[in-house]
Amino acid sequence: MRKVTYGAACSLDGFIAGPNHEVDWLHMSKDVHAIMADYWTRIDTLLMGRKTWEVAQRMGSGADSSMMSGIESYVFSRTLQQLPSGQGHLVSGDAGDFVRHLKRRRGKEICVFGGGELAQSLFEAGVIDEVGVNVHPVLLGAGVPLFRNAGRIRLALTECRRIGGGCAYLTYRVLSRRQRDLDLGHALNAAVR
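First, a word on scope: everything that follows refers to the structure included in this document. (Residues numbered from 1 in each chain as written. Predicted model: local features only at pLDDT ≥ 70, side-chain atom pairs only at ≥ 80, totals over all residues. Heavy atoms only, no water.)

**Notes on the nonpolar core**
Formally: Residue types Ala, Val, Leu, Ile, Met, Phe, Trp, Tyr and Cys, when buried and joined through side-chain atoms within 4.5 Å, form a set referred to as a nonpolar core. When a residue's accessible area, from a 1.4 Å probe over protein chains only, is under 20% of the maximum for its type it is buried; when over 50% it is exposed; and in between it is partly exposed. Secondary structure is summarised from DSSP: a helix means a run of H or I of at least four residues, a strand means a run of E of at least two, and numbering begins at the N terminus for each. Contacts are assigned to residue pairs that have any heavy atoms within 4.5 Å of one another.
If you look at the biggest cluster of nonpolar residues, it comprises 28 residues, and the most contacted ones within it are Leu 47, Phe 76, Val 112, Leu 122 and Ile 128. At the level of secondary structure, the elements contributing two or more residues to this core comprise strand S1 (4-11), strand S2 (15-17), strand S4 (72-76), helix H4 (95-104), strand S6 (109-113), helix H5 (116-124), strand S7 (130-136) and strand S10 (167-174). Among the elements that line this core, the one with the most residues is H5, at four residues. Setting aside anything within four residues of it in sequence, one finds Val 112 in contact with Val 4, Thr 5, Tyr 6, Gly 7, Leu 47, Leu 118, Ala 119 and Leu 122. Among the nonpolar cores identified, the runner-up in size contains 11 residues, and Tyr 39, Ile 43, Trp 53 and Val 75 belong to it.

Below, the structure is given as structure tokens:
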């Protein structure tokens, strides 16, 4: 089954953009470019919500066209009626069901790109497998949160390294419900002993 990753650059206090959607605090180091270049070779599907898609349209894709070659894009929206030709596929149905279907299809990894509203619904549906975060040494105080209220989700750290600009690159595996239940059972057994 294909892996679904949600990730972004964020401030230390957990925002992916400031109160006015500003991202002028992002540090684009050689490390970030290397991480992204490697990541884009492993994916062939990009998922984003309407708001992220609209920001990407205003800013340009932000990705080199050679990186986007061969990437299938899906925009999730209940308000858009259609996308301009060549701008991806519009999905208006249940996001969790759609992504479950994508995961069963053959292909490379799947990237959940941008804001937290789509990610929240996909966490709730249990279809996100990995979280990758580039934590920046800045406190924004307010803005667009990396995570919205998706409930408690247990994670296992798989990578942690310092990268340029004083940033920390972290990767976590999302523990399945079964793994979470096993962990809870072990914790309860240990507490009883």
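**Looking at unusual backbone geometry**
Across residues other than glycine, the phi torsion is negative in most instances, and most of the peptide bonds are trans. Unusually for a residue other than glycine, His 21 sits at a positive phi of about 65°. Of the residues examined, His 21 reaches a relative accessible area of 52% and is grouped as exposed.

**Let's talk about the packing of H4 against H5**
For clarity, the threshold we go by: Axis geometry follows a simple rule: fit a line to the C-alpha atoms, using only the stretch in contact for helices, then measure angles between N-to-C directions, giving values from 0 to 180 degrees. Working definition: roughly parallel below 35 degrees, roughly antiparallel above 145 degrees, roughly perpendicular at 65 to 115 degrees, and oblique for all remaining angles. Throughout this entry, Asp, Glu, Lys and Arg are counted as charged residues, while Ala, Val, Leu, Ile, Met, Phe, Trp, Tyr, Cys and Pro are counted as nonpolar. The remaining residues, Gly among them, count as polar.
Where H4 meets H5, the axes come as close as 8 Å, and the angle between the chain directions of the two elements is 70°. Taken as axis vectors, H4 and H5 run roughly perpendicular relative to one another. In contact with Ala 95, Gly 96 and Val 99 of H4, H5 contributes Leu 118, Ser 121 and Leu 122. Partitioned by chemical class, the residues of the contact of H4 with H5 number four nonpolar, two polar and no charged.

**Here's the deal with the pairing of strand S9 (residues 155-163)**
Cut-off, in case you're wondering: The criterion for strand pairing is that DSSP finds at least two bridges linking the strands in question.
Note that S9 and S10 share eight bridges and pair antiparallel. Bridging from a neighbouring strand, Ala 156 pairs with Arg 173 of S10. As consecutive antiparallel partners, S9 and S10 are separated by three residues, and within that stretch Gly 165 has a phi angle of approximately 80°, a positive value.

**Here's the deal with the side chain of Lys 103**
Looking at where Lys 103 falls in the secondary structure, it is placed in helix H4. In this structure, Lys 103 is in contact with Met 1, Arg 2, Val 4, Ile 110, Val 127 and Asp 129, ignoring residues within four places of it in sequence.

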